[in-house]
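Examination of the molecular architecture
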Amino acid sequence: AHGKHMSIILFGCDDDTIKSTLSENTDRLVGVANSWRKLRVGLVIEIARAALFGNSDDIDCEGDAAGREYKTTEEMNKVLVALNCMSNNVSALDNRTGVLVFFPCIPGSGKSTLSSAASRYAIADLLSALDNGATNQSPVQRKLIVLVGDEIKKKYWPEVKRMRAENPSSLFIADKNTPPNVWGALPDSAGHGVIVPVIYRKALSTTRVTGSISPAGEVD
């Protein structure tokens, strides 16, 4: 959830530097560096070793009261500017508890109605009103997310987990029939959010609730 608030600085991690400065496991370490580059974070910056170490003419030396010397180059100055710009534009973290709404394969639960465009607008307006009237207002507007199963080419529930992690305070509607064999995996997809099944009131005349699953995955 916090990936966009993080920066990764790869110092001297280009393939040639790794292979020329290390004698063992170089192929594995090149792979590790490439994996870091692919992480979903706010900023990934590459810094050559020469930015801090080297004898190039563009190195400026500065010191502090203790006599410690710091070397900076134009490349390093650009890095510091980029990091400062990112930190100034990072939005506040929103750790409010969200909700994952799912449909447990009960006919007449109103999946099509609740996921329709008209319902989305109505729910979004309700969320906005609730946020504006809260005593401990968050600077972040709570999001409404509807993920339609028929429109997802990837595996559905891992995608729910990813999106929920990026929007932990959201009201997330899983527009997909969810059979009982999937219910045990819902806590993992919901994160620290609350899981709410949609059960049509009249369905309780033919459907019996035999237990419950806590957000931690504990079965009652």
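As a starting point, this report considers the structure included with it. All of these numbers come straight from a predicted model, not from anything done at the bench. (Residues numbered from 1 in each chain as written. Predicted model: local features only at pLDDT ≥ 70, side-chain atom pairs only at ≥ 80, totals over all residues. Heavy atoms only, no water.)

Some points on the overall build of the protein
Heads up, the rule is: Numbering of helices and strands starts at the N terminus; helices are DSSP runs of H or I of at least 4 residues and strands are runs of E of at least 2. Burial here depends on accessible area, computed with a 1.4 Å probe over protein chains only, as a share of the maximum for the residue type. Under 20% is buried, over 50% is exposed, and the range in between is partly exposed. Residue exposure ignores everything except the shown protein chains as possible cover, and the areas themselves are Shrake-Rupley values with a 1.4 Å probe.
Summing up its helical and strand segments, the protein has eight helices and eight strands in all. Considering the protein as a whole, with its 220 residues, one finds that 28% of them fall into the buried category. Accessible surface, the protein as shown: approximately 14,500 Å² in total, 54% of it carbon and sulfur.

A look at the pattern of salt bridges
Opposite charge on two side chains makes pairing possible when the charged atoms of those side chains draw close. The cut-off we apply is this: Put simply, a salt bridge is a Lys or Arg side-chain nitrogen that is within 4 Å of an Asp or Glu carboxyl oxygen.
A complete count under the given rule lists five salt bridges for this structure. In this structure, glutamate 159 and arginine 162 form a salt bridge, with 2.6 Å as the shortest nitrogen-oxygen distance. You can see glutamate 159 and its partner arginine 162 sitting in helix α6 (residues 156-166), three residues apart, about one turn around the helix. For the salt bridge of lysine 161 with aspartate 188, the shortest nitrogen-to-oxygen distance reads 3.3 Å.

Some points on helix α2 (residues 26-37)
Just so we agree on the cut-off: What a helix is expected to span follows from its residue count: subtract one and scale by 1.5 Å. In this description, the arc belongs to the directions extending from the helix axis to the C-beta atoms. Should any heavy atoms of two residues lie within 4.5 Å, those residues are counted as being in contact.
Counted at 1.5 Å a residue, the expected span for α2 with its twelve residues is 16 Å, and the 17 Å between its end C-alpha atoms agrees. If you check which residues of α2 are buried, you get Thr26, Val30 and Ala33. Angularly, the buried residues of α2 cover 60° about the axis, an arc narrow enough to put them on a single face. α2 presents Asp27 and Arg28 as exposed residues on the side facing more than 90 degrees away from its buried surface. Buried positions along α2 lie against β1 (7-11) and α1 (15-21).

Observations concerning the side chain of asparagine 167
You can see asparagine 167 is positioned in the loop between α6 and β7 (171-177). Since its relative accessible area comes to 15%, asparagine 167 is described here as buried. In contact with asparagine 167, not counting residues within four places along its chain, are Lys143 and Ile145.

Points about the packing of aromatic side chains
We apply this condition: Each pair of aromatic rings taken from Phe, Tyr and Trp, with Trp reduced to its six-membered ring, is defined by centres within 6.5 Å and is described as stacked if the planes are under 30 degrees apart, edge-to-face if over 60, and tilted in the remaining cases. We count a charge as sitting over a ring when the NZ of a lysine or the CZ of an arginine lies within 6 Å of the ring centre and within 35 degrees of the ring normal.
Applying the stated criterion across every chain yields a total of two aromatic pairs. Between the aromatic rings of tyrosine 156 and tryptophan 157, the centroid separation amounts to 5.0 Å while the plane-to-plane angle is 85°, which identifies the pairing as edge-to-face. Across the pair, tryptophan 157 and tyrosine 156 agree in class, each one buried. Lysine 176 extends its terminal NZ or CZ atom over the ring of tyrosine 156, reaching a point 5.5 Å from the ring centre.

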